[in-house]
Amino acid sequence: MPPTTPSQRNEIIDWYKSIPSTTRFLLSTMVITTTASSLGFVSPSSLILYWPDVKYRLQIWRLASCFFVNRLSLDFAFNAYFFYSNSLQLETQVFQSQPADYVFFHLFTGSLQVMAAGFLNLYVLSDGILLSTIYLLSQHFRDSPVWFMFGIRLKSRRKTLFANT
């Protein structure tokens, strides 16, 4: 009898399944929406936050899709990577075993950004989801060293007006 060979494992699928659920959903939506609009499957103009279409044509998906539409570019690749790494750290360390709190964080900050976009005439809020994630992570890990590209390491120090140190 010939020896049985173990089934082949796909490392990409294993990595994808290891991502926590909220980060996986947001990252997947970001990549799918950007790819679909860049390849012409969906018109990017149907995904931006255009208030007359939300109000009068009831295109309510624009309230969410405006966070995920982007151009397929190197900038998008960096933003997706930074979102993945920061969101992964938030979901596994700060919101560990509290996925509902992490979802609420994104719903709350997204709602504030949509309201601000109405006053500021913004149509695409894709940087907002990344910046809110980075801000929360930086507030939780104030004194940890920060690594930038090419091996540059900085120690963050927070000074306040009322601290004696």
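My aim in this report is to walk through the structure given alongside it, one point at a time. As the structure is a prediction and not an experimental result, all values here were calculated from the model.

**Some details on the nonpolar core**
Then, number 1: The biggest cluster of nonpolar side chains holds 18 residues, and the ones touching the most others in it are Met30, Leu49, Phe67, Phe68, Phe83, Leu125 and Ile129.
Then, number 2: Sorting the residues of this core by element identifies α2 (21-38), α5 (74-94), α6 (99-120) and α7 (126-140) as the ones contributing at least two each.
Then, number 3: At four residues, α5 tops the list of elements feeding residues into this core.
Then, number 4: Non-local contacts of Met30, meaning those with residues more than four positions away in its chain, are made with Phe68, Phe76, Ala80, Phe83 and Ile129.
Then, number 5: Core analysis: the next-biggest nonpolar cluster, separate from the first, contains six residues, Leu90, Phe95, Phe105 and Leu136 among them.

**Considering empty space enclosed by the protein**
Then, number 1: Per the stated rule, a full pass over the model turns up one cavity of 30 Å³ or more.
Then, number 2: Around the largest cavity, the lining residues are Met30, Asn70, Phe76, Asn79, Phe83, Ser126, Asp127, Ile129 and Leu130.
Then, number 3: Counting residues per element, the lining of the largest cavity draws most heavily on α7, at four residues.
Then, number 4: A breakdown of the residues in the lining of the largest cavity according to their chemical character gives five nonpolar, three polar and one charged.

**With respect to a nonpolar patch on the surface**
Then, number 1: Among the surface-exposed residues, Leu74, Phe78, Tyr81 and Phe82 lie close enough to one another that they form a single nonpolar patch of about 410 Å² accessible area.
Then, number 2: Here Phe78 is to be found in helix α5.

How each quantity is defined
- Residues numbered from 1 in each chain as written.
- Predicted model: local features only at pLDDT ≥ 70, side-chain atom pairs only at ≥ 80, totals over all residues.
- Heavy atoms only, no water.
- Core = buried A, V, L, I, M, F, W, Y, C linked by side-chain atoms within 4.5 Å.
- Buried < 20%, exposed > 50% of the residue type's maximum accessible area, 1.4 Å probe, protein only.
- Helix = DSSP H or I, 4+ residues; strand = E, 2+ residues; numbered from the N terminus.
- Contact = heavy atoms within 4.5 Å.
- 1 Å grid on protein atoms, 1.4 Å probe; cavity = no way out; pocket = protein on both sides within 12 Å on 5 of 7 lines; lining within 4 Å.
- Points joined across faces, edges and corners; volume = space filled by probe spheres on them.
- Nonpolar A, V, L, I, M, F, W, Y, C, P; charged D, E, K, R; others polar.
- Patch = residues over 30% accessible without salt bridge, like charges linked within 9 Å, V, L, I, M, F, W, Y side chains within 5 Å.
- Areas by Shrake-Rupley, 256 points an atom, 1.4 Å probe, with all protein chains shown as cover.
- Salt bridge = Lys/Arg side-chain N within 4 Å of Asp/Glu carboxyl O.

Geometric descriptors of this kind do not, in isolation, establish any biological role.
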